[in-house]
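Chains, contacts and geometry: an overview
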Amino acid sequence: MNTPVSHPSQISETNKGAIGSQISETNKRAIGSQISETKKGAIGSQISETNKGAIGSQISETNKGAIGSQISETNKGAIGSQISETNNKKGAIRSQISETNKGAIGSQISETGFTDLRNRITELRNRITDLRNRITDLRNQQRCNKVMKEHSVKNLIFSSSCTVYGDPKYLPVDENHPTGGCTNPYGKTKFFIEEILKDLWKADPDWNIVVLRYFNPVGAHKSGRIGEDPKCIPNLMPYCAQILVGKMKELKVYGNDYDTPDGTGVRDYIHISDVATGHVAAQTKVEEKCGLKIYNLGTGQGYSVMDMINAWTGQGYSVMDMINAFSAAAGKPVKYRIIGRRPGDVASTYSKPDLAAKELGWKATRGLNTMCEDLWRWQTMNPDGFNSNGPTHKKHKLTQKI
Ligand SMILES: O=c1ccn([C@@H]2O[C@H](COP(=O)(O)OP(=O)(O)O[C@H]3O[C@H](CO)[C@@H](O)[C@H](O)[C@H]3O)[C@@H](O)[C@H]2O)c(=O)[nH]1
């Protein structure tokens, strides 16, 4: 998922002036109309030829087909055979099945079969929406590059992601690690855009481009006024926060059989405000006429899913500790369960952030406790995200010592 909504607004408070002065009101209007009139057709057709077709056919071939047949094989078949078994023995069984039992059988079918089917359809829908968003990202980047060039604005900071590294060949990951072996569509889009930007700079070295590869941003602005308001399935920490305010039922932990200390996935979680200060440092860098530069934005520290769950409470690391502590924090039982691995997840990834420290003079300064404290403040002050009317969940007090 997904770049959190919080950074643009945090960054804009700090950088607005600098960026705004590069693009005047007049240019903005000119840029807008040029995109819509002149470029739309040309760019649109490139995308539809190159990307949409390829991605579209992959969806229909790989996903729809695969998922469709899984549904029919696993569910329909299973349900079908249960029904036909029941029906074949109808005569014999009918007399034994009372009205009450019929109801029980019916609800078993709907629970096991139809719920599963519904979940799979939702998953397929989410994937298609995700791919659509990726195509839009690519199209927007191409438009942005063209228009910037036409108006001689050649300084650019690009928000990339650690997912361009794919499943790391070594840890911690530095900027020289090979890219492109991405395990999900989001990572591929970031990788493609990075490649486009490299070509752009090779063709015209007047460009100054800083590519920032974020690791896993979490947290919110310390004021509690700016935070993440996920519109689709949230990342791990927003999901935890939403469980505590009763908006989600349970956390599904995607696999505990990875080759990591406790078996769950390990990530380099970084406070969103540190990501924002990374952008401010990058802004200074592009103004120095830096050419093309690439930096990791991470803390260098890997945490597992269980570490992150426990970080909310300051309690121990076992599953039972986590359940008890979460329940105490929320004032009601909180459920979570371990399920299978999520396709596209890697076991571990965390950064070597030394280059950013050396060349940008930037370092992440906020620890895990601050990430949790700030995220929790945002969530309690805004239980319904940006549509909230203020704090309504005061009773959900976090027991974490911060
Ligand atoms: O409900 C959940 C959600 C996540 N996880 C696990 O938690 C870890 C972190 O997952 P998540 O928060 O979804 O982030 P990633 O999958 O590591 O990365 C996503 O989020 C990053 C930060 O926004 C982006 O940079 C990546 O491109 C994007 O794939 C992984 O081990 C997941 O398996 C769970 O167990 N249950």
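Residues numbered from 1 in each chain as written. Predicted model: local features only at pLDDT ≥ 70, side-chain atom pairs only at ≥ 80, totals over all residues. Heavy atoms only, no water.

1. Observations concerning the overall build of the protein
As a reminder of what qualifies: The numbering of helices and of strands both runs from the N terminus, where a helix is a DSSP run of H or I of at least 4 residues and a strand a run of E of at least 2. Burial classification: accessible surface area is computed with a 1.4 Å probe over protein chains only, and a residue below 20% of its type maximum counts as buried, one above 50% as exposed, and the rest as partly exposed. To measure how exposed things are, a 1.4 Å probe is used in the Shrake-Rupley method; for residues, cover is taken only from the protein chains shown.
Within the protein, the secondary structure is distributed over 11 helices and 10 strands. Counting only residues that meet the buried cut, the protein has 41% of its 402 residues in that class. When the accessible surface of the protein is split by element, carbon and sulfur atoms take 52% of a total near 21,100 Å².

2. Considerations on the pattern of salt bridges
Heads up, the condition is: Salt bridge, as used here, is a side-chain nitrogen of Lys or Arg placed within 4 Å of a carboxyl oxygen of Asp or Glu.
The final tally for this structure, using the stated rule, is 16 salt bridges. Of the charged contacts, one joins Lys 231 and Asp 229 as a salt bridge, the two residues approaching to 3.1 Å between their closest N and O atoms. The class of Lys 231 is exposed, set by a relative accessible area of 70%. For Asp 229, a relative accessible area of 12% gives the class buried. For Glu 373, the salt bridge goes to Arg 377, with nearest N and O atoms at 3.3 Å. Pair noted here: Glu 373 and Arg 377 are both in helix α11 (residues 368-381), with a separation of 4 residues, about one helical turn. Here Glu 373 falls in the partly exposed class, since its relative accessible area comes to 27%.

3. Overview of the site of the ligand
Here is the rule we go by: In these notes, residues near a molecule or strand are those with any non-hydrogen atom within 4 Å of it. By the criterion applied in these results, polar contacts are pairs of N or O atoms within 3.5 Å in which, for protein atoms, one can donate a hydrogen and the other can accept it, and in which residues neighboring in sequence qualify only through two side-chain atoms. Gly counts as polar in this scheme, as do all residues outside two lists: the nonpolar Ala, Val, Leu, Ile, Met, Phe, Trp, Tyr, Cys and Pro, and the charged Asp, Glu, Lys and Arg.
Neighbouring the ligand are 22 residues, the closest being Tyr 186, Leu 236, Lys 252, Arg 267 and Asp 345. Contact between the ligand and Lys 252: a nitrogen atom at 2.7 Å from a main-chain N or O atom of the residue. One of the side-chain nitrogen or oxygen atoms of Arg 342 is found 3.0 Å away from an oxygen atom of the ligand. Here the ligand has 690 Å² of accessible area as a free molecule, and 94% of this is covered by the chains. Mapped onto the shell around the ligand, the elements with two or more residues apiece are β3 (216-218), α6 (236-244) and β4 (250-254). Take the shell around the ligand: its biggest share by element is 4 residues, from β4. Along the lines of polarity and charge, the residues of the shell around the ligand split into 11 nonpolar, 7 polar and 4 charged.

4. Things to note about the pairing of strand β1 (residues 155-161)
Quick note on the threshold: In this description, strands pair whenever DSSP reports at least two bridges between them. The handedness of a crossover follows from its direction of travel: if, with the strands pointing away from the viewer, the path from the first strand over the helix to the second runs clockwise, the crossover is right-handed.
Counting buried residues in β1 gives 5 out of 7 residues, a clear majority hidden from the surface. The pairing of β1 with strand β2 (residues 208-214) spans 7 bridges and is classified as parallel. Bridged to Ile 157 within β2 is Val 210. Taking the sense of rotation as the criterion, the β-α-β connection linking β1, helix α5 (residues 185-203) and β2 turns out right-handed.

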